[in-house]
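For reference, the chains in residue letters:
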Amino acid sequence: MIETYSQPSPRSVATGLPASMKIFMYLLTVFLITQMIGSVLFAVYLHRRLDKVEEEKSLHEDFVFIKKLQRCNKGDSLSLLNCEEIKRQFEDLVKDKMLNKEEKKKENNFEMQKGDQEPQIAAHVVSEASSKSAVLQWTKKGYYTMSNNLVALENEKLLTIQRKGFYYVYTQVTFCSNREPSSQAPFIVSLCLKSTSGSERILLRAANSYSSSKRCGQQSIHLGGVFELQSGASVFVNVTDASQVSHGIGFTSFGLLKL
């Protein structure tokens, strides 16, 4: 008779950590996180506290300085050298504050002026070759200036301004003649003003005789002056004989500039 023995199956080995170990690791993790948070909060508190201490220290130093200054003014028992040094420091402090205040005021005024400054008003036009009337005609072509809408060329004859002020008004007229000098009167150029009421008057005038009998001996007359012009006033140029005016580049021009 054969007897068989059955061997017991091996016990399974536990692969996980014991419960007590898990609880320990959890508590350790919580402790470390709490420690980190506490360290950060303590660092923030310490930083703010140091700032407050520095501020209180500065205020204390200011208070001590003021007390010393008061004692110097009252003539209390401080040495003359200390009083002089304290007064010098106080004067330097006041000067620095005043200088900073003046610099800020200048900067503010400059910023205001940049936004409030008047636009530059200027005009420069050249003569029109087809001009035959005594009042010269002008054109905006080639090298000309018309800075903004506060000055305009009206009817090709008048420079009209829209802002009251002092203006430098100028003109250059170049003329020629193929006639004998003794056969006619001098060539006259007039710089004239037309007011808002419509009245006209001469601002400047110049004359030049015909000094050459050669064909078109060119001569130039230049007029310029400073005048106070009202808003809506116009200036123009008048000549005795427009047929003698030279209209080449740079020969005859007219303009103004607000000062």
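Quick caveat, the model's predicted, so the values are computed rather than measured.

Another point: the sheet that holds strand β7 (residues 187-194). Spatially, five strands are ordered β4-β5-β10-β7-β8 in an open sheet, and the strand pairing comes out antiparallel. Looking at the sheet topology across the chains shown, the edges are occupied by β4 (151-154) and β8 (200-208). Adjacent strand axes in the sheet meet at a mean angle of 20°, parallel and antiparallel pairs treated alike. Here eight bridges tie β7 to β8, and the two strands are oriented antiparallel to one another. The residue bridging F187 from the neighbouring strand is N208, located in β8.

This part is about the layout of surface pockets. Volume-wise, the largest pocket comes out at about 170 Å³. By residue number, the principal contributor to the lining of the largest pocket is strand β1 (residues 122-127), which donates three residues. Taken together, the residues of the lining of the largest pocket break down into three nonpolar, eight polar and one charged.

Turning our attention to the UniProt feature "transmembrane region" (unreviewed entry) in the protein chain. Mapped onto the present numbering, the UniProt feature "transmembrane region" (unreviewed entry) falls on residues 23-46. Between the C-alpha atoms that bound residues 23-46 there is a distance of 34 Å. The span itself is 100% helix and 0% strand.

Counting through the fold element by element, G225 comes out in strand β9 (residues 219-229). According to the relative accessible area criterion, G225 is buried, its value standing at 13%. Taking C-alpha positions, G225 is 8.2 Å from Y167, a pair spaced 58 residues apart along the chain. Non-local contacts of G225, meaning those with residues more than four positions away in its chain, are made with Y167, Y168, V169 and L204.

Our focus in this paragraph is the pairing of β1. Among the six residues of β1, five are classified as buried, and the element is accordingly described as predominantly covered. Two strands pair when backbone bridges link them, and β1 and strand β11 (residues 253-258) are joined in this way by five bridges, in the antiparallel orientation. In the strand pairing of β11, V126 is matched with S253. Across two bridges, β1 lies against strand β3 (residues 145-146) in antiparallel orientation. The residue bridging A123 from the neighbouring strand is M146, located in β3. Where β1 lies against strand β2 (residues 138-139), two bridges are found, and the strand directions are antiparallel.

Okay, the nonpolar core next. Ranked by internal contacts, the top residues of the largest apolar core, which has 31 residues, are V169, V235, F254 and L256. Contributions of two or more residues to this core are made by β1, β5 (158-161), β6 (165-175), β7, β8, β9, β10 (234-239) and β11. If we ignore the near neighbours within four places in the chain, the residues touching V169 are L191, L223, G224, G225, F227, L229, V235, F254, G255 and L256.

Rules and cut-offs
- Residues numbered from 1 in each chain as written.
- Predicted model: local features only at pLDDT ≥ 70, side-chain atom pairs only at ≥ 80, totals over all residues.
- Heavy atoms only, no water.
- Pairing = 2+ DSSP bridges.
- Helix = DSSP H or I, 4+ residues; strand = E, 2+ residues; numbered from the N terminus.
- Axes fitted to C-alpha atoms, helices over the stretch in contact; angles between N-to-C directions.
- 1 Å grid on protein atoms, 1.4 Å probe; cavity = no way out; pocket = protein on both sides within 12 Å on 5 of 7 lines; lining within 4 Å.
- Points joined across faces, edges and corners; volume = space filled by probe spheres on them.
- Nonpolar A, V, L, I, M, F, W, Y, C, P; charged D, E, K, R; others polar.
- UniProt positions renumbered as here; feature names shortened; annotations may be inferred.
- Buried < 20%, exposed > 50% of the residue type's maximum accessible area, 1.4 Å probe, protein only.
- Contact = heavy atoms within 4.5 Å.
- Core = buried A, V, L, I, M, F, W, Y, C linked by side-chain atoms within 4.5 Å.

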